[in-house]
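Structure at a glance
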Amino acid sequence: MTDAPAWVLDALTPDDAPECARLEAVLFPGDDPWSASAFTSELHAGHPYYAARVADRLVGYAGVALLPAPAFSREPAEAEVHTIGVDPDVQGHGIGRALLRALLGRADAIGAVTFLEVRTDNGPALDLYRSEGFEVVGTRRRYYASGADAYTMRRESTTHRADPR
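Residues numbered from 1 in each chain as written. Predicted model: local features only at pLDDT ≥ 70, side-chain atom pairs only at ≥ 80, totals over all residues. Heavy atoms only, no water.

Looking at the side chain of Thr152
Test applied: Helix and strand labels come from DSSP, where a helix needs a run of H or I of at least four residues and a strand needs a run of E of at least two; each type is numbered from the N terminus. Should any heavy atoms of two residues lie within 4.5 Å, those residues are counted as being in contact.
Summarising the element assignment, Thr152 is placed in strand S7 (residues 150-155). Here Thr152 is in contact with Phe115, Leu116, Glu117, Glu135, Val136, Val137, Gly138 and Arg140, once residues within four sequence places are set aside.

Encoded structure:
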C-alpha cells in the first residue's frame, strides 16, 4: 500500500454529481450505477451527502436519508445509507470509514436505527460495516441489476432518545 493521501471531508454539491456518476460506473458496473441526475435529486431532496477530496479532486462520496421519529412515538428514527463509494486508486486508506462515520454521526444525532444494502460478495464493505456495528438482518435475492444478491444490514443508534412519555 502506498502512503495515505491527504484527504478532507466536506459537503457534496450538485457540481460534484458528474464525477460521482463517473465513479459509480467504475465501482458498480452492471449494478445500475447512479446517474449525475440521481445525485442531484438526492441533494435537492435535502439528504445529507458528504464528499472526500484529495487536493480538490473528488475521491469519495456518501449519502444517507434520515426519517426522524414521529412525535410522542416509541418508534425510533430511521436512517438508510443510500450510497457510499471510494475511488479504487485511494481505497484502503480510511476514506470509506470516515465517510460512513460521517453518515452515522448524522443518524446517531437523531437516535436513528440505520439500514443499508450491500452485495453479499463485497467482502471489504461487509468487513467495514460489521466493524461499525452493522449486522445482517436479511437477504434480498437478485437485488442488483446484475442479478447479485444483497444483504440488508442494521445498526442500532449509539445514542438513545429520551422516553417521550
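Anyway, onward from the coordinates.
Thoughts on the environment of Arg142
For Arg142, the position within the fold is in the loop between strand S6 (135-140) and S7. Beyond its immediate stretch of four places on either side in the chain, Arg142 contacts Gly147, Ala148 and Asp149.

Describing the environment of Leu99
Just so we agree on the cut-off: Each residue is placed in one exposure class: buried if its accessible area under a 1.4 Å probe, protein chains only, is under 20% of its type's maximum, exposed if it is over 50%, and partly exposed if it falls in between.
Looking at where Leu99 falls in the secondary structure, it is placed in helix H3 (residues 95-109). On the basis of relative accessible area, Leu99 is assigned to the buried category, the value being 0%. Measuring from C-alpha to C-alpha, the distance between Leu99 and Ile84 comes to 7.6 Å, with 15 residues separating the pair along the chain. Beyond its immediate stretch of four places on either side in the chain, Leu99 contacts Leu9, Tyr50, Ala51, Ala52, Gly60, Tyr61, Ala62, Ile84, Gly85 and Val86.

Comments concerning the packing of helix H1 (residues 17-27) against helix H2 (residues 36-44)
We apply this condition: Orientation is described by lines fitted to C-alpha atoms, with helices fitted over the stretch in contact, and by angles between N-to-C directions that extend from 0 to 180 degrees. Note on angle classes: values under 35 degrees are labelled roughly parallel, values over 145 roughly antiparallel, values of 65 to 115 roughly perpendicular, and the remainder oblique. With the far helix as reference, a near helix turned anticlockwise by less than a right angle produces a left-handed crossing, and one turned clockwise produces a right-handed crossing.
Look at H1 against H2: their axes get within 7 Å of each other, and the N-to-C directions meet at 125°. The angle between H1 and H2 falls in the class oblique. For the pair H1 and H2, the crossing hand works out as right-handed. Contact residues: H1 offers Ala17, Pro18, Cys20, Ala21 and Glu24, while H2 offers Ala36, Phe39 and Thr40.

Regarding the packing of H3 against helix H4 (residues 123-131)
As a reminder of what qualifies: Residue type decides the class: Asp, Glu, Lys and Arg count as charged, Ala, Val, Leu, Ile, Met, Phe, Trp, Tyr, Cys and Pro as nonpolar, and the leftover types, Gly among them, as polar.
Following both chains from N to C, one finds H3 and H4 inclined at 45°, their axes separated by 11 Å at the closest point. By the angle class used here, H3 and H4 are oblique. Considering how the two elements wind past one another, H3 and H4 form a crossing that is right-handed. Here H3 contributes Gly96, Arg97 and Leu100 to the contact with H4, which in turn contributes Leu128, Tyr129 and Ser131. Per-class residue counts for the contact of H3 with H4 are three nonpolar, two polar and one charged.

Topic: the packing of aromatic side chains
Keep this limit in mind: Only centres within 6.5 Å qualify two rings of Phe, Tyr or Trp (six-membered ring in Trp) as a pair; their planes then separate them into stacked at under 30 degrees, edge-to-face at over 60, and tilted for everything else.
If you walk through the whole model with that rule in mind, you get four aromatic pairs. For the ring pair Tyr129 and Phe134, a centre distance of 5.8 Å and an interplane angle of 65° mean the geometry is edge-to-face. The same class applies to Tyr129 and to Phe134, which are both buried. Three or more aromatic residues link up through ring pairs in this structure, and these residues are Trp34, Phe39 and Tyr61.

Remarks on H2
Selection rule: The reported arc concerns the directions from the helix axis to the C-beta atoms and nothing else.
Burial in H2 covers these residues: Phe39, Glu42 and Leu43. Down the axis of H2, the buried set is contained in an arc of 100°. They therefore lie on one face. Buried positions along H2 lie against H1, strand S2 (49-54), strand S3 (57-67) and strand S4 (78-86). Looking one or two residues past H2, Gly46 carries a phi angle of roughly 90°, positive in sign.

Observations concerning the sheet that holds S6
Worth spelling out the cut-off: Whether two strands pair depends on DSSP finding at least two bridges between them.
The strand order across the open sheet formed by seven strands is S1-S2-S3-S4-S5-S7-S6, and the pairing between neighbours is mixed. Both outer strands of the open sheet, strand S1 (7-11) and S6, are each paired with one neighbouring strand and no more. Looking at each pair of strands side by side, their axes are set apart by 25° on average, direction ignored. Here S4 runs beside strand S5 (residues 113-119); their pairing, made up of three bridges, is parallel. For Glu80, the partnering residue across the bridge sits in S5 and is Phe115. Most of the contacts of H2 go to S2, to which it runs at about 125°, and overall it touches S2, S3 and S4.

It is worth stressing that arrangement in space is one thing and function is another; only the former is reported here.
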